[in-house]
Amino acid sequence: MRTPSVSSPTPSNAVPTTPFIIRVISADSTKKGAAAAVAGLLVAAVSEAIWPSR
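Residues take numbers from 1 onward in each chain, read along the sequence in its written order. Totals for whole chains, interfaces and linings use every residue, but because this is a predicted model, local features are given only for residues with pLDDT of at least 70 and side-chain atom pairs only at 80 or more, for both listing and counting. Here the side-chain values reflect all heavy atoms present in the structure, with hydrogen atoms and water set aside.

### Examining the overall build of the protein
- If you tally the helices and strands in the protein, you get 2 helices and 0 strands.
- Out of the 54 residues in the protein, the part that is buried amounts to 0%.
- In these tables, accessible area is a Shrake-Rupley quantity obtained with a 1.4 Å probe, and a residue counts as shielded only by the protein chains included in the view. For the protein, the accessible surface area stands at approximately 5400 Å², while carbon and sulfur atoms represent 67% of it. Numbering of helices and strands runs from the N terminus; a helix is a DSSP stretch of H or I covering at least four residues, while a strand is a stretch of E covering at least two. Burial here depends on accessible area, computed with a 1.4 Å probe over protein chains only, as a share of the maximum for the residue type. Under 20% is buried, over 50% is exposed, and the range in between is partly exposed.

Structure, rendered in structure tokens:
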């Protein structure tokens, strides 16, 4: 009795793999998070300029 050969077919949506760090940096949520962090630092700098801490 012959056993059938099993091979995984190439997916039709095969795209070149992108390195993980590039996918993370280019993600929309990463850009929004970075923008929120910069906005927070800007608010902190402005409030410190207006009302200096002791």
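### Thoughts on the pattern of salt bridges
- Note on definitions: salt bridges are taken to be side-chain nitrogens of Lys or Arg within 4 Å of carboxyl oxygens of Asp or Glu. Within the structure shown, the criterion is met by 1 salt bridge.
- Residue Asp28 pairs with Lys32 through a salt bridge whose shortest N-O separation is 3.3 Å. Highlighted residues: Asp28 and Lys32, both in helix H2 (residues 28–50), separated by 4 residues, approximately one helical turn.

### A few points about a nonpolar patch on the surface
- Among the surface-exposed residues, Phe20, Ile21, Ile22, Val24 and Ile25 lie close enough to one another that they form a single nonpolar patch of about 480 Å² accessible area.
- Of note, Ile21 is situated in helix H1 (residues 20–25).
- A relative accessible area of 51% means that Ile21 is categorised as exposed. Patch criteria: residues need more than 30% relative accessible area and no salt bridge. Like-charged residues are merged within 9 Å; nonpolar side chains of Val, Leu, Ile, Met, Phe, Trp and Tyr are merged within 5 Å.

Interpretation note: all reported values are geometric properties and have no functional meaning in isolation.
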